[in-house]
Amino acid sequence: MAKQTSAFDLVLPPRDSKTPAYLWLYSALRAEILGGRLRPGTRLPATRDLASQYGLSRGTTVTAFEQLKSEGYVQGTIGSGTFVSKVLPDDLLKIRRKAEAVAEPMEGRKIRLRISDYARRAPKLSGYEQRRFVPFRANVPAMDLFPIEIWTQITARRLRKMSRNLLLGCDALGYGPLRQALAEYLNTSRGVVCRPEQVVIVSGMQEALDLAARLFINPGDRVGVENPGYVGAVGAFEAAGAKISPLRVDEEGVRLDAASLRGCRLVYVTPAHQFPLGITMSLRRRLDLLKWARATNAIIFEDDYDSEYRYCGKPVPALQGLACTLQVVFAGSFSKVMFPALRLGYLVVPEDLIEPVAAVKSVSTSHSSLLQQVVLCDFMREGHYGRHIRRMREIYSERQQILVNESRKHLKGLLEVSSIEAGLQTVGWLTDGINGLAAAEAAAERGVEVVPLSRYSTSTRACIWSPKNDGAREGLQLGFAAIEPAQIKQGVRELATALQQVRAGKKVVSAGA
Ligand SMILES: Cc1ncc(COP(=O)(O)O)c(C=O)c1O
């Protein structure tokens, strides 16, 4: 095992004037070793450095070290390195146990630290887990096709030319040139109407949601969220103390039932590609939603998380650009176009909100990593961003087509896979009688990952709402973007076998699922 070096100054408890210096140093180091803060194998600071740090003579530190060595706490040669012994003698361990018993606070009474209501409400969301990519993992781009060499080159170039200003940081709202580049991109490609000053760089969509919750929500306020919908949004608003109004989704997007919308201060929507159903919100519904927001002075949070990947139909401009820019907060993420670990995204806020956003952000996260922002800005300005989107759009479109074609061949009568207009994943509707959870479990046993839509819903049978079926269909979310064609084909066959087993009653939902 490599020796660990203590590269930091050792902070020891203060010395009282009655204790001789060598004894104080010896006792303090021994306590550090027994307390486990100086771990076996750790290199102690040089006697000379300790002497100068604590204003002692070198002879004093050498005497303390010799004493520790003679008792077996440390090994090595003073002058060429002294290390905490790897194996502490038995009697030392006994002393340690005794010391721990003394340190135990008020025996028998467990202290429970009090946390805030906010912390109690905040759910622990699962991140982008580092597991093997299996069909049909959703919500992730094809990481193996990201032009990592270009990203590395730009990063290396920026690091070589790192200026003092870049080391200092930037405004809480983000790196100016990136905000400018994004404003241009959003104006031309997403139909967003904004000035660069309205663009705020955030650490991914989750921070955008958190910021919106802090800006607009007081505990008890009502927030409308699509149902089924994005759990990250529900989590952020609930943590802020909001009461969630689930809003049903039909073929035109989120439904605007007056009863569900009553009292909503904010409505969270994914108009370009509803999460998780994949529906594009109709123009009529968009206009109605804007009209409602204007009439009630409510905020619309537009999550535009993966609309760059549109495969058919005309590009659908953002809701934000459709006239009522005053009440729409538009947000996007680089997790799907670039890579999730980048942790960068953006918010476009109405002019009046620039100052409040800057204040709220400055007291929480301040600005996102400046180096990453600068590299991303270069990546966009040099044309790599646009090229990467165009290339991936073709690849993802082909993968989606393979998934749909293969499903038609092998999943007939089991799962009806819809083709979608945009995004990295689609949904499949289960034939009546096949339970979503049981289907996901059976698929997992065959190495296939599918998410039952009920996971994203407040009801167990999630569903696209229609007056005919009253939302009583079950479905599965299927990601295709990160999966290679051969894996898609194999995955469809495995899924077919799994669903046949469920239909035949050979698989049921396991207890606790
Ligand atoms: C609806 C939706 N919005 C946003 C995101 C991206 O979030 P982030 O930028 O925090 O990675 C996701 C990721 O899966 C998503 O599904």
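Right above here is the structure, for reference.
Every value quoted in this text rests on a predicted model; they were computed, and no experiment measured them.

A.B. asks: I keep staring at the side chain of His384 and nothing clicks. Help me out?
C.D. replies: Among the secondary structure elements, His384 is positioned in helix α15 (residues 384–410). There is a polar contact of 3.2 Å between the side chain of His384 and the side chain of Arg387.

A.B. asks: Help me understand the nonpolar core in this model?
C.D. replies: When a protein is soluble and globular, its nonpolar side chains tend to lie buried together. By size, the foremost hydrophobic cluster in this structure holds 73 residues, and its most contacted members are Leu182, Met338, Tyr396 and Leu495. By residue number, the principal contributor to this core is α15, which donates 8 residues. In contact with Leu495, not counting residues within four places along its chain, are Phe136, Leu411, Leu415, Ala443, Val448, Val450 and Leu478. Formed by 40 residues, the second largest nonpolar core is a distinct cluster that contains Ala236, Ala242, Ala331 and Val360.

A.B. asks: Would you explain the packing of helix α1 (residues 21–34) against helix α3 (residues 58–70) in this entry?
C.D. replies: Between two packed helices, the angle of one axis relative to the other and the distance separating the axes together describe the packing. Closest axis-to-axis distance for the α1/α3 pair is 8 Å, and the angle between their directions is 45 degrees. Compared by their axis directions, α1 and α3 come out oblique. Crossing handedness for the pair α1 and α3: right-handed. Side by side, α1 and α3 meet where Ala21, Tyr22, Leu25, Tyr26, Leu29 and Arg30 of the first sit next to Thr60, Thr61, Thr63, Ala64, Phe65, Gln67 and Leu68 of the second.

A.B. asks: What is the right way to look at the pattern of salt bridges in this model?
C.D. replies: Inspection of every chain in the model, using the stated rule, returns 21 salt bridges. The shortest N-O distance in the salt bridge between Arg265 and Asp221 comes to 3.9 Å. Of the two residues, Arg265 sits in strand β9 (residues 264–269) while Asp221 sits in the loop between α9 (204–216) and β6 (222–227), which places them 44 residues apart along the sequence. Judged by relative accessible area, Arg265 falls into the partly exposed class, the value being 30%. Residue Asp221 is classed as buried on the basis of its relative accessible area of 19%. Of the charged contacts in the structure, one is a salt bridge between Arg446 and Glu494, with a shortest N-O distance of 2.9 Å. Of this pair, Arg446 sits in the loop between α16 (436–445) and β15 (451–452) while Glu494 sits in helix α17 (residues 485–503), placing them 48 residues apart in sequence. Among the residues examined, Arg446 registers a relative accessible area of 33% and is labelled partly exposed. Ionic contacts of the salt-bridge type, sharing partners, join the residues Asp250, Glu252, Arg255, Asp257, Arg284 and Arg285 into one network.

A.B. asks: Would you explain the side chain of Glu308 in this entry?
C.D. replies: Tracing the sequence through the fold places Glu308 in the loop between β10 (299–303) and β11 (328–333). Although Glu308 is buried, it makes no salt bridge; Arg190 carries the closest opposite charge, 5.7 Å away. If near-sequence neighbours (up to four positions away) are discounted, Glu308 is found in contact with Tyr185, Val337, Tyr346, Tyr385, Ile389 and Arg393.

A.B. asks: Would you mind showing me how to read the packing of α15 against α17 here?
C.D. replies: Contact geometry for α15 and α17: axes closest at 9 Å, N-to-C directions at 30 degrees. With respect to α17, the axis of α15 lies roughly parallel. Where α15 crosses over α17, the handedness of that crossing is right-handed. On α17, the residues touching Arg399, Ile402, Leu403, Glu406, Ser407 and His410 of α15 are Pro485, Ile488, Lys489, Val492, Arg493 and Ala496. A class-by-class count of the residues in the contact of α15 with α17 yields 6 nonpolar, 2 polar and 4 charged.

A.B. asks: Please explain the layout of surface pockets as it appears in this structure.
C.D. replies: Empty space among the atoms becomes visible once a probe the size of a water molecule is rolled across them. The computed volume of the second largest pocket comes to approximately 430 Å³. Forming the walls of the second largest pocket are 19 residues, and the residues nearest its centre are Tyr185, Ser189, Glu308, Ile389 and Arg393. Sorting the residues of the lining of the second largest pocket by element identifies α8 (176–190), α14 (370–381) and α15 as the ones contributing at least two each. At 6 residues, α8 tops the list of elements feeding residues into the lining of the second largest pocket. For the lining of the second largest pocket, a count of residues per class yields 8 nonpolar, 4 polar and 7 charged.

A.B. asks: What exactly am I supposed to notice about the sheet that holds strand β7 (residues 243–250) here?
C.D. replies: Sheet strands pair via backbone hydrogen bonds, and the direction of the pair is either parallel or antiparallel. Pairing in this open sheet of 8 strands is mixed, and the strands run β5-β12-β11-β10-β9-β6-β7-β8 from one edge to the other. Edge strands, defined here as strands with exactly one partner in the open sheet, are β5 (199–202) and β8 (253–254). Of the strands in this sheet, β5, β11 and β12 (345–348) are in contact with α8, which crosses β5 at around 115 degrees.

A.B. asks: What is the right way to look at the site of the ligand in this model?
C.D. replies: Surrounding the ligand, one finds 14 residues, the nearest of these being Tyr128, Met205, Asp303, Ser333 and Ser335. In this structure, an oxygen atom belonging to the ligand sits 3.1 Å away from a main-chain N or O atom of Gln206. The contact in question runs from an oxygen atom of the ligand to an N or O atom on the side chain of Lys336, over 2.8 Å. Protein contact buries 96% of the 400 Å² of open area that the ligand shows by itself. When residues of the shell around the ligand are assigned to their parent elements, the largest contribution, 3 residues, is made by α9. The residue inventory of the shell around the ligand, partitioned by class, reads 6 nonpolar, 5 polar and 3 charged.

A.B. asks: Would you mind going over empty space enclosed by the protein with me for this structure?
C.D. replies: Going through the model one piece at a time under the given rule, you end up with 1 cavity of 30 Å³ or more. Computed from the structure, the largest cavity encloses a volume of approximately 40 Å³. Contributing to the lining of the largest cavity are Pro141, Ala142, Phe146, Tyr309, Lys336, Val337, Met338, His388, Met392 and Tyr396. Across the lining of the largest cavity, the residue classes tally to 8 nonpolar, 1 polar and 1 charged.

A.B. asks: Sorry, what's going on with the environment of Ile354 here?
C.D. replies: Counting through the fold element by element, Ile354 comes out in helix α13 (residues 354–362). Sequence-wise, Ile354 and Val199 are 155 residues apart; in three dimensions their C-alpha atoms are separated by 8.6 Å. Non-local contacts of Ile354, meaning those with residues more than four positions away in its chain, are made with Leu173, Glu197, Gln198 and Val349.

A.B. asks: Quick question: what am I supposed to make of the sheet that holds strand β14 (residues 425–430) here?
C.D. replies: Read from one edge of the open sheet, 4 strands run β13-β14-β16-β15, paired in antiparallel fashion. Only two strands of the sheet have a single neighbouring strand rather than two, namely β13 (415–417) and β15. Of the pairings in the sheet, the one linking β14 to strand β16 (residues 475–479) comprises 5 bridges and is antiparallel in character. Bridged to Gly428 within β16 is Leu476.

A.B. asks: How should I be thinking about helix α12 (residues 283–296) in this particular structure?
C.D. replies: Residue pairs spaced three or four apart in an α-helix point in one direction, given the helix's 3.6 residues per turn. In a regular helix each residue adds 1.5 Å, so 14 residues correspond to 20 Å; α12 covers 20 Å between its end C-alpha atoms and thus fits that length. When α12 is considered as a whole, its buried residues turn out to be Arg285, Arg286, Leu289, Leu290, Trp292 and Ala293. Projected down its long axis, α12 shows its buried positions confined to an angular sector of 160 degrees, all on one face. Opposite the buried face of α12, by more than 90 degrees, sit the exposed residues Leu283, Arg284, Lys291, Arg294 and Ala295. Check the buried side of α12 and you find it contacts β7, β8, α11 (258–261), β9, β10 and β11. Taken from the residues just after α12, Asn297 is the one with a positive phi, measuring 60 degrees.

What counts as what
- Residues numbered from 1 in each chain as written.
- Predicted model: local features only at pLDDT ≥ 70, side-chain atom pairs only at ≥ 80, totals over all residues.
- Heavy atoms only, no water.
- Helix = DSSP H or I, 4+ residues; strand = E, 2+ residues; numbered from the N terminus.
- Polar contact = N/O pair within 3.5 Å; in protein donor to acceptor, adjacent residues only side chain to side chain.
- Core = buried A, V, L, I, M, F, W, Y, C linked by side-chain atoms within 4.5 Å.
- Buried < 20%, exposed > 50% of the residue type's maximum accessible area, 1.4 Å probe, protein only.
- Contact = heavy atoms within 4.5 Å.
- Axes fitted to C-alpha atoms, helices over the stretch in contact; angles between N-to-C directions.
- Parallel < 35°, antiparallel > 145°, perpendicular 65-115°, else oblique.
- Left-handed = near helix turned anticlockwise from the far one by under 90°.
- Salt bridge = Lys/Arg side-chain N within 4 Å of Asp/Glu carboxyl O.
- Lys, Arg positive; Asp, Glu negative; His and termini not counted.
- Nonpolar A, V, L, I, M, F, W, Y, C, P; charged D, E, K, R; others polar.
- 1 Å grid on protein atoms, 1.4 Å probe; cavity = no way out; pocket = protein on both sides within 12 Å on 5 of 7 lines; lining within 4 Å.
- Points joined across faces, edges and corners; volume = space filled by probe spheres on them.
- Pairing = 2+ DSSP bridges.
- Near = heavy atom within 4 Å.
- Areas by Shrake-Rupley, 256 points an atom, 1.4 Å probe, with all protein chains shown as cover.
- Expected span 1.5 Å × (residues − 1).
- Arc of directions from axis to C-beta.

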